[in-house]
Amino acid sequence: MAKKYWLMKSEPDAYSIDDFKGDKTTYWDGIRNYQARNFMMKDMQVGDEFIFYHSNAKPPGAAGVGVISKAAEPDPTQFDKKSKYFDEKSKTDNPRWHCVTCKFKSKFKTFIPLPELKEMKPLKNMMLLQKGTRLSIQPVSAKEFEHIVKLGQAQ
DNA sequence: GCCAACGTTGGC
DNA sequence: GCCAACGTTGGC
């Protein structure tokens, strides 16, 4: 299957591109939305690349690139009573939530704030820019991905 | 901090 | 299966 491209949101107060850079790989846990989970479980493959997006930031925007390094597996935080992601309805023999493992690829030389993304004509159909889209994991087309990466790598 | 948009829950 | 109430996301 062809390589796919994604956009994954993270609040930099909780986990920023610099945290990701320092960790090199991270477990993308804490996803508690069925649509986002389904993308991870059904459509993501090892080798897919994604835009690391800072949400709820000043300003929000595209911060870097990562690669999926391990397919979805049960999210351990759902069984951890001390975790804020604990889900009492999820059973160990039938886990409700899964998460992928991601590897850091690059941090953009130029952070691309959301208002700039909105001005880019090639990106006008991006799910991120549609009104009311809150999904924390969403697909992007190869063209959209390349366009953003080109902007991010420019000095 | 506000609020619009959307998802989830639960009563019926 | 409908829908009101509530919670969350996330830009501003």
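Above: the structure in question.
First things first, this report covers the structure right here in the doc. Note that this is a predicted model, so its numbers are computed, not measured.

1. A closer look at the packing of aromatic side chains
Then, in step 1: The tally for this structure, following the rule as stated, stands at 9 aromatic pairs.
Then, in step 2: Between Y5 and F145, the ring centres sit 4.4 Å apart and the planes meet at 35 degrees, which makes this aromatic pair tilted. Within this pair, whereas Y5 is found in strand β1 (residues 5-10), its partner F145 is found in helix α4 (residues 142-153), the two being separated by 140 residues in sequence. The pair Y5 / F145 is uniform in exposure class, with both members buried.

2. Concerning the sheet that holds strand β3 (residues 49-54)
Then, in step 1: Pairing is mixed in the open sheet, where 6 strands are placed in the order β2-β5-β4-β3-β1-β6. In this open sheet, the two strands that pair with only one neighbour each are β2 (25-27) and β6 (137-140). Within this sheet the neighbouring strands show an average axis-to-axis angle of 35 degrees, counted without direction.
Then, in step 2: Sheet topology places β3 next to strand β4 (residues 61-74); 6 bridges connect them, and they run antiparallel. From the neighbouring strand, F52 faces β4, where its bridge partner is G64.

3. Digging into the protein's contact with DNA strand C
Then, in step 1: The full set of residues close to DNA strand C is K9, Y53, S55, N56, P60, L114, K118 and R134.
Then, in step 2: Sugar and phosphate atoms constitute 70% of the interface atoms of DNA strand C, taking the interface as everything within 4 Å of the protein.
Then, in step 3: Between DNA strand C and the protein, one listed contact pairs a phosphate oxygen with a side-chain N or O atom of K9 at 2.8 Å.
Then, in step 4: In this structure, N56 approaches DNA strand C through a main-chain N or O atom, which is 3.0 Å from a phosphate oxygen.
Then, in step 5: Of the residues belonging to the surface near DNA strand C, the class tally is 3 nonpolar, 2 polar and 3 charged.

Reading guide: rules and limits
Residues numbered from 1 in each chain as written. Chains lettered and ligands numbered in written order. Predicted model: local features only at pLDDT ≥ 70, side-chain atom pairs only at ≥ 80, totals over all residues. Heavy atoms only, no water. Phe/Tyr/Trp six-rings, centres within 6.5 Å; stacked < 30°, edge-to-face > 60°. Helix = DSSP H or I, 4+ residues; strand = E, 2+ residues; numbered from the N terminus. Buried < 20%, exposed > 50% of the residue type's maximum accessible area, 1.4 Å probe, protein only. Pairing = 2+ DSSP bridges. Axes fitted to C-alpha atoms, helices over the stretch in contact; angles between N-to-C directions. Near = heavy atom within 4 Å. Polar contact = N/O pair within 3.5 Å; in protein donor to acceptor, adjacent residues only side chain to side chain. Nonpolar A, V, L, I, M, F, W, Y, C, P; charged D, E, K, R; others polar.

Geometric descriptors of this kind do not, in isolation, establish any biological role.
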